[in-house]
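As a plain string of letters, each chain reads:
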Amino acid sequence: MVCQERIRKDRRMKKGDLVRFKSIIDHQGEILSDWKHGVIVKHYEPSMKIVTVLYEGELLDIRARHVQIHQRCHYD
């Protein structure tokens with residue numbers, strides 16, 4: 001049980017992680033853009049399910065289900 005909890009914590013998105021994400025183009029039909037790459041700039045809180053990503057100089061709030069970790073940050 002302890003090992004599974006440790007694995008879950010390691011898989012969480014963290015500040016500094018390089019991510020790929022899709023933004024919503026049309027909210028009614030929930031049409032998504034192509035994959036874009038950015039960096040997580042705020043601590044991700046799983047209960048909120050919103051990730052703040054830096055993309056081309058803008059801070060975007062993206063639904064967590066539209067974000068995937070591309071590469072982990074190498075520091076704590």
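The coordinates are above.
Parameters and conventions
- Residues numbered from 1 in each chain as written.
- Predicted model: local features only at pLDDT ≥ 70, side-chain atom pairs only at ≥ 80, totals over all residues.
- Heavy atoms only, no water.
- Core = buried A, V, L, I, M, F, W, Y, C linked by side-chain atoms within 4.5 Å.
- Buried < 20%, exposed > 50% of the residue type's maximum accessible area, 1.4 Å probe, protein only.
- Helix = DSSP H or I, 4+ residues; strand = E, 2+ residues; numbered from the N terminus.
- Polar contact = N/O pair within 3.5 Å; in protein donor to acceptor, adjacent residues only side chain to side chain.

### As for the nonpolar core
Logical step 1: Of all hydrophobic cores here, the largest spans 11 residues; its members are Met13, Val19, Phe21, Ile40, Tyr44, Val51, Val53, Tyr55, Ile62, Ala64 and Val67.
Logical step 2: Secondary structure elements with two or more residues in this core: strand S1 (18-21) and strand S5 (50-55).
Logical step 3: Ranked by residues supplied to this core, first place goes to S5 with 3 residues.

### A look at the side chain of serine 23
Logical step 1: Take serine 23: it is sitting in the loop between S1 and strand S2 (24-26).
Logical step 2: Residue serine 23 is classed as buried on the basis of its relative accessible area, which comes to 17%.
Logical step 3: One polar contact links serine 23 to lysine 36, side chain to side chain, over a distance of 3.2 Å.

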